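Fold and contact review
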Amino acid sequence: MHASRTPSRTGSEEPSDGPPDGPPGRPYDALVIGGGIIGLVTAWRAAQRGLRTAVADPAPGGGAAQVAAGMLAAVTELHYGEQTLLALNLASARRYPEFVAELEEASGQDVGYRACGTLAVAFDPDDRAHLRELHDFQRRLGLESQWLTGRECRRLEPMLAPGVRGGLRVDGDHQIDPRRLAAALLTACERAGVVFHHARAERLTLAADRATGVELPDGTRLAAERTVLAAGSFSGRLAGVPEGALPPVRPVKGQVLRLRVPPAYAPFLSRTVRAEVRGGHVYLVPRENGELVVGATSEELGWDTTVTAGGVYELLRDAHELVPGITELPLVETRAGLRPGSPDNAPLLGPSALPGLLVATGHYRNGVLLTPVTGDVMAEVLTRGELPDEARPFSPLRFQSAPVGPTTPVPQEQPT
Ligand code: GLY
């Protein structure tokens, strides 16, 4: 990581001279803390609306998207009690084709969007009963999902194990390559004039009980009318944020593998295939370029991102049960990332309890899926000051039980 006193200007115009300890000229209209896909889409949309926008991140384009599989699985990842989140997930899934077209045009890059659908299968009677219940629930909510016999599943995906007893065909759950998405958003931001400060935000700065920007590790202060906290699972520990305004997010570790399908084996799978195996979830996401992503563990282990033998073993064991032929494929990458989990598994979007501080975090298992709608919602709230109706249930204020209190101290050690 390196901290830059001078902004690394990648946008269209260099800021004019200004005071040494602040952004040149006047405060940014919007300063985004965190250059993962959520921070970048927020910055891109804000800049498109004419806001003078900056991002602070030591390595923009990184974050959880570098590990994520990129399933756009609003229907197959439906959970009981999450119908409010489902509405937002579906709204974002509907926007995806247009979002992709606009982003590819703005960046000149292919983001690997694949309208391939998903097949969720079951092996033993318990898994089958669970899947049947999910199917009933989906139908009650008016979602498109078709029950298939084991034989029909294998006709669709011949590499599936013979033990498959049935499954759900969901033709509307697609995929995108999150690494390409992040790279394209970075370029789109640069082309839209977003200023990048390649440094970690050390601390939020305050004046008269209002957020005024951030301080970087070298003491540089970046002033902003509105600061957006979009630092994924690290959003819950930014120094200087008063207790009542700190988003209650925690890291949830996910280990993910990447295999490669040699051309001679293609087409190995034609759509995303997933299953519940011994209570855990396993999914295989085939890309057009031959990458096959296998995910994911879900572990409450704090900030640990170690790839473990046990995690890799479980993923390969479950994936092998689903598609035995994976043992022939080269294993090209093992990696762990941190999902930003919130208390109700839904994101936090919009103004916090602290004037001048907004939040876009807590996307948990749906960060890639929710990228388009998050960009639109955050641009709306940054320009008009109000959350659009679709995002009102996701206000960070739903977790606020006490008035904004004292600020959090600077931690001894900050994640990077
Ligand atoms: N949405 C997939 C995961 O979080 O593993």
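Numbers given to residues run from 1 along each chain, matching the order in which its sequence is written. The predicted nature of this model means local features are confined to residues of pLDDT at least 70 and side-chain atom pairs, given and counted, to a pLDDT of 80 or more, with totals for whole chains, interfaces and linings taken over all residues. Side-chain descriptors were evaluated using all non-hydrogen atoms of the structure, hydrogens and water having been removed beforehand.

Before going further, it helps to spend a moment on the site of the ligand. If even one non-hydrogen atom of a residue comes within 4 Å of a molecule or strand, that residue is called near it. Around the ligand, the neighbouring residues are Met71, Glu77, Tyr283, Ala296, Arg339 and Arg365. Within the contact set of the ligand, an oxygen atom lies 2.5 Å away from a side-chain nitrogen or oxygen of Tyr283. In the analysis that follows, any N or O atom pair within 3.5 Å is treated as a polar contact, provided that within protein one partner can donate a hydrogen and the other can accept it, and provided that, for residues neighboring in sequence, both atoms belong to side chains. Arg339 places a polar side-chain atom, nitrogen or oxygen, 2.7 Å from an oxygen atom of the ligand. Residues of the shell around the ligand, tallied by class, amount to three nonpolar, no polar and three charged. Classification convention: Asp, Glu, Lys, Arg as charged; Ala, Val, Leu, Ile, Met, Phe, Trp, Tyr, Cys, Pro as nonpolar; all other residues, Gly among them, as polar.

What follows deals with the sheet that holds strand β15 (residues 291-295). In sheet architecture, strand pairing relies on hydrogen bonds along the backbone and comes in two forms, parallel and antiparallel. Between any two strands, pairing holds if DSSP finds at least two bridges. The helix and strand labels rest on DSSP assignments: H or I over at least four residues marks a helix, E over at least two residues marks a strand, and numbering proceeds from the N terminus. What the eight strands build is an open sheet, ordered β5-β6-β4-β13-β14-β15-β12-β16; its pairing is mixed. Whereas interior strands pair on both sides, the edge strands pair on one side only; in this sheet they are β5 (146-149) and β16 (331-341). Within this sheet the neighbouring strands show an average axis-to-axis angle of 25°, counted without direction. Pairing of β5 with strand β6 (residues 166-170) involves four bridges; the strand directions are antiparallel. Of the residues in β6, the one forming a bridge with Gln146 is Arg169. Two residues form a contact once any of their heavy atoms are found within 4.5 Å. Angles here are taken between N-to-C directions and fall from 0 to 180 degrees, while the axes themselves are lines fitted to C-alpha atoms, restricted in helices to the stretch in contact. Strand contacts of helix α3 (residues 125-140): β4 (118-122), β5, β6 and β13 (272-277), with the helix running at about 30° to β6, the strand carrying the most contacts. Along the sheet, helix α6 (residues 309-322) contacts β4, β12 (250-260), β13, β14 (280-286), β15 and β16; its crossing angle with β12, the most-contacted strand, is approximately 55°.

We now examine the environment of Gln146. On the secondary structure map, Gln146 appears in strand β5. Classification of Gln146 as partly exposed rests on a relative accessible area of 41%. Residues in contact with Gln146, not counting those within four places in the same chain, are His135, Gly167, Leu168 and Arg169. When accessible area is computed with a 1.4 Å probe and restricted to protein chains, residues below 20% of their type maximum are described as buried, those above 50% as exposed, and intermediate ones as partly exposed.

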